[in-house]
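What follows is each chain in one-letter form.
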Amino acid sequence: MTIRSLGLLLFFLGLTAFLSAQTPADTLLPVLSYEQPKEYEIGGVRVVGTQYADPNALISIAGFRIGDKIRIPGSQFGKAVQSLWNLKLFTDVQINLERTQGNLAFLEISVKEMPRYTRHSFNGVKKGQHDDLNGEIAKHIQKGAILTEAVKASLIYALQQFYVDKGYLNAVVKINVTPDARATNAVQLEFLIDKGKKVKIRDITFTGNKNVKSKVLRKKMKETVRKRRLFKKSKLVRKLYEDDKRKIEAYYNTIGFRDARVASDSIWRNKKGELNLRLNINEGRRYYFRNIIWKGNTIYETKYLDQVLGIKKGDVYNEELLQTRLSFSQDGRDISSLYLDNGYLFFRVDPVETAIDNDSIDLEMRIYEGPQATIDRVIIKGNDRTHEHVVRRELFTRPGDKFSRSDIIRSQRQIANLGYFNPETMKINTPVNPDRGTVDIEYVLEEKPSDQLELSAGYQPATAFSRGGVIGTLGVTFNNFSLRNIPNREAWNPLPQGDGQRFSVRAQTSGERFQSYNASFTEPWLGGKKPNSLTVAGFYNRFAYGFEGTDNYQRLDIIQGTVGFGTRLKFPDDNFVFRADLDIQTLKLNNWPSFRDDQGNSVTRGIFHNYNLGLTLARNSINDPIFPRNGSLVSLKVQFTPPYSLFKNDAFYDTAGVQQRYRYVEYVKWRLDAEWYTTLVGKLVLKTSAKIGLLGQWTSKTGLSPFERFELGGDGLNNQNFGLNGRDIISLRGYDVSDIMTPFPGGAGVFDKFTVELRYPISLNPSSTIFVTAFAQGGNAWLNAKDFNPFDLKRSVGMGLRVFLPMFGTLGFDYGLGFDKPALINSGSRKWSDFARFNIVLGFEPD
């Protein structure tokens, strides 16, 4: 070592000794002995390393409080570390003795927080599935939450189950975790998803089913189906599969096998990876009803109760049927309805098995009739726009009446038929006061839009038959109008509403070729005390072809005013209504070629008056006017003019021209319209309908009127307004008007039309009700009644779509294939498109 190096060493040693001399001895960390721990008082605690955690909370959880005594070293440090570690918020926890000062010890809690989740992405899936996957992720972790191994495992399982439920049993999910540069101590997740191929069910077999065929059991499994089944996705979802097994057991119970069980099942894959299911059925024995006795019945005799129950000794035991006949049956044939419709709200019946002898079961029906309940209050909620009296007058439940379940059901239907409230969310509560023997009826409603707007505009260029010009339609219908609130500006929204009146105005123009103006007003409760309706309506329609002043100019003007009166009947039941309409109509023809009498004479010029009275008897039990599921609508209408011919001699008709003969139009017209709605299964509804029309005459002097005839075919769009062109327009899907009406261009005197239609709703949301249809239809038209043949039909099949929007009415289309078109058949055409027709539905359902 050189003298210079030795000098530097002595300098640094001296400097260290000097600095050490400047530090107080009591701030040095003492030498800790585990054999002789020393007691200190906690002088302070600080936390380092936190970003999200609350330091004060960590100090409290660690159990340190300033002023407490603590042994160093001691067990309190280990307990404190364990308490903080149990929070599962940190990857590292340390408790350090920062310094001492006399008998005071200052502690430091040092932690390293786990990373926080901030965002994620997907790899291997289409963007259209991201929203669904985001929903699954949100169930397990939120942004800013700590990402633990347990959370990662739950995310992987959730996403795999998401795809398993869709039939992708081989789905694999992995997670890549990388630091997120946008935030401190944060990570982003990348989900690597390989869903693989969908695993379908190859076959479902059964063993032990001696009394039921396997194909019947397979049909009972609604969600677990083989891949060959049409309109059903083949996949295995465990929960749905278990539900299907319960359905099999439930079906066995309905045919007497009350002990039947799915004893076991096996699931395996074949070489292609498809699933095979085998279910082992333990049917047990079949049971039968034997003796059924009633106890506690004082209101109704046992014989009558047996008749309503409809179960006889020796019938196959069916617990589902038993509960239906006791509690609630769709057709009203049940014991509960019998009592509940007579006010016995507190009624209860308990079927008790008193004996099981081999395959026979004895039942004792224990009835508690209780007192009759009286309706105390009828409460209506949720009618924000509709005035309460509009709803209340439709109800069949009134304070002071005896409780009746059928009256509640009928009231519910009446409210739905108003069209102002959402039938899907309607609730009926019946809070009971047993001490007083009374019940309140509470109707909870939700208003929905009911007004309609029709608006269109365009420009039609000039043609060889007319000048060009603006074309368009403007129409509004207020279905919940209030005439008495017109002076009340606060009730305008945008017009006065809430009294259940109907007011509509409509204007349509196609330049000079066509113009139409109409208005109508209906008061459904004239006087406010009884369901007597009054309707006042009027319209003006004009058709024109060619240029005015030229020889080929053609024009038809129709002016009509209508006053109608309707009332609800009490006999045969209160579903019947009667209506009378008085029409005053004038037709002005100027070289118009569409009308002919039954002698073939054209009626082209003149002014003709059609004064008629229409009488309608109808019964309506439809449960929902937009998408009916059950009920029927049957209507019989006769429309007739005065019998002018009875007051004129034969000589007048021998010499009179067509203008004189038909100046005062004379006829008798009959219309029968019937519709039935039946729910087949779930939401699938069957609609069947029949329509028949017949135009007759008072005497043989006049022949059939050239006006008020029928026109069959097309989409029926011309029938938006009654009497638009002096005819009844009836649609027939799959056919043009020319396919049917060519033999009688002046119109038909008789028609018939029959329809069978399946309807299935896609959406029952009141803001947009959507359903699809599949139909078979047949109809035809004849010149007069003697030619009528109900078996000579023009047949068609097809499908369609309907969308009901409250502001616009019904929109949709039909695609129909007509089979009976002689002109095409004779021409040898085999093109599908020649026989098919595409019909549009706008604003209304065609006749």
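From a predicted model like this one, the values you see are computed outputs, not experimental measurements.

Caption draft 1: Expanded view of the overall build of the protein. Scanning the protein for helices and strands turns up 17 helices and 35 strands. The C-alpha atoms of the protein give 42 Å as radius of gyration, which overshoots the globular expectation for 847 residues (29 Å, by more than 25%). On the principal axes, the C-alpha backbone points of the protein span a range of 160 × 85 × 70 Å. With 847 residues in all, the protein has 43% of them scored as buried. A fraction of 60% describes how many contacts in the protein between residues 6 or more apart in sequence connect residues 24 or more apart. When the accessible surface of the protein is summed, it comes to about 44800 Å², and 55% of that surface belongs to carbon and sulfur atoms. Charge separation in the protein, taken as the distance between the mean sites of 115 positive and 91 negative side-chain charges, equals 5 Å.

Caption draft 2: Fine view of unusual backbone geometry. In this chain, Ile72 is followed by Pro73 through a cis amide linkage whose omega measures -10 degrees. Within the fold, Pro73 resides in the loop between strand S2 (69-72) and helix H3 (75-85). Looking along the chain, the bond that leaves Phe571 and enters Pro572 is cis, with omega of 0 degrees. Along the chain, the position of Pro572 falls in the loop between strand S23 (554-568) and strand S24 (576-596). Notably, Asn185 is not glycine yet its phi reads approximately 50 degrees, a positive angle. If you trace the backbone, Asn185 turns up in the loop between strand S6 (172-179) and strand S7 (186-194). With a relative accessible area of 29%, Asn185 lands in the partly exposed category. You will see that Glu708, though not glycine, has its phi angle at about 65 degrees, which is positive.

Caption draft 3: Main features of the packing of aromatic side chains. A full pass over the atoms with the stated rule returns 28 aromatic pairs. Judged by centre distance (5.1 Å) and plane angle (85 degrees), the rings of Phe652 and Tyr653 are edge-to-face. Judged by its relative accessible area of 25%, Phe652 falls in the partly exposed class. Classification of Tyr653 by relative accessible area gives buried; the value is 5%. Among the aromatic residues, those joined into a cluster by ring pairs are Tyr300, Tyr304, Tyr339, Tyr344 and Phe347. The aromatic ring of Phe106 is capped on one face by Arg99, whose charged end is 4.0 Å from the ring centroid. A cation over an aromatic ring shows up here: Arg489 above the ring of Trp492, its NZ or CZ 4.4 Å from the ring centre.

Caption draft 4: Seen up close, the pattern of salt bridges. All chains considered together, the criterion is met by 48 salt bridges. Among the ionic pairs, Asp180 bridges to Arg119, the shortest N-O distance being 3.0 Å. Here Asp180 is found in the loop between S6 and S7, whereas its partner Arg119 is found in strand S5 (residues 116-123), with 61 residues between them in sequence. The exposure class of Asp180 is buried, given its relative accessible area of 4%. The residue Arg392 makes a salt bridge to Glu388 at a minimum N-O spacing of 2.6 Å. In this pair, Arg392 and Glu388 both sit in helix H11 (residues 388-392), four residues apart, roughly one turn of the helix. Here Glu388 falls in the partly exposed class, since its relative accessible area comes to 36%. Connected through salt bridges with shared partners, the residues Glu242, Lys245, Arg246, Glu249 and Asp265 form a single ionic network.

Caption draft 5: The environment of Lys197, seen in detail. Relative to the helices and strands, Lys197 resides in the loop between S7 and strand S8 (201-207). For Lys197, a relative accessible area of 72% translates into the label exposed. Spatially, the C-alpha atoms of Lys197 and Pro434 are 61 Å apart, while their sequence positions differ by 237 residues.

Caption draft 6: Examining the sheet that holds strand S9 (residues 261-269) more closely. Taken in spatial order, the three strands of this open sheet run S8-S10-S9, and their pairing is mixed. The open sheet terminates on both sides in strands that have one partner only, identified here as S8 and S9. Strand-to-strand, the axes of this sheet are offset by a mean angle of 15 degrees, without reference to chain direction. Relative to strand S10 (residues 275-282), S8 is paired through six bridges, and the arrangement is parallel. When the bridges of S10 are listed, Thr207 appears paired with Asn280. Lying over the sheet, helix H7 (residues 238-254) contacts S8, S9 and S10, oriented at roughly 140 degrees with respect to S9.

Caption draft 7: Looking closely at H7. Compared with the 24 Å implied by 1.5 Å per residue over 17 residues, the 25 Å span of H7 between its first and last C-alpha is a close match. On its buried side, H7 packs onto S8, helix H6 (214-220), S9, S10 and helix H9 (319-326).

Caption draft 8: Layout of helix H4 (residues 130-138). Considered for burial, the residues of H4 that qualify are Leu133, Glu136 and Ile137. Mapping the buried residues of H4 onto a view down its axis gives an arc of 100 degrees, with all of them on the same face. Looking at the buried positions of H4, the neighbouring elements they touch are S5, helix H5 (149-164) and S7.

Caption draft 9: Local environment of the sheet that holds strand S13 (residues 360-368). Taking strand neighbours across the sheet as the criterion, the three strands line up as S11-S13-S12 in an open arrangement whose pairing is mixed. Of all the strands in the sheet, just strand S11 (288-295) and strand S12 (348-357) have a single pairing partner and so form its edges. The sheet shows a mean angle of 25 degrees between the axes of neighbouring strands, taken without regard to direction. Strand direction decides the pairing type here: S11 and S13, joined by six bridges, are parallel.

Caption draft 10: Structural context of the packing of H4 against H5. Running from amino to carboxyl end, H4 crosses H5 at an angle of 140 degrees, the nearest separation of the two axes being 9 Å. The angle between the axes of H4 and H5 places the two elements in the oblique class. Viewed along their axes, H4 and H5 form a crossing whose handedness is right-handed. Across the interface between the two elements, Asp132, Leu133, Glu136 and Ile137 of H4 pack against Leu155, Ala158, Leu159, Phe162 and Tyr163 of H5.

Rules used in this analysis
Residues numbered from 1 in each chain as written. Predicted model: local features only at pLDDT ≥ 70, side-chain atom pairs only at ≥ 80, totals over all residues. Heavy atoms only, no water. Helix = DSSP H or I, 4+ residues; strand = E, 2+ residues; numbered from the N terminus. Rg over C-alpha atoms; globule rule 2.2 N^0.38 Å. Buried < 20%, exposed > 50% of the residue type's maximum accessible area, 1.4 Å probe, protein only. Contact = heavy atoms within 4.5 Å. Areas by Shrake-Rupley, 256 points an atom, 1.4 Å probe, with all protein chains shown as cover. Lys, Arg positive; Asp, Glu negative; His and termini not counted. Charge placed at Lys NZ, Arg CZ, Asp CG, Glu CD. Phe/Tyr/Trp six-rings, centres within 6.5 Å; stacked < 30°, edge-to-face > 60°. Lys NZ or Arg CZ within 6 Å of the ring centre and 35° of its normal. Salt bridge = Lys/Arg side-chain N within 4 Å of Asp/Glu carboxyl O. Pairing = 2+ DSSP bridges. Axes fitted to C-alpha atoms, helices over the stretch in contact; angles between N-to-C directions. Expected span 1.5 Å × (residues − 1). Arc of directions from axis to C-beta. Parallel < 35°, antiparallel > 145°, perpendicular 65-115°, else oblique. Left-handed = near helix turned anticlockwise from the far one by under 90°.

Remember, this is a structural readout, not a statement about activity or role.
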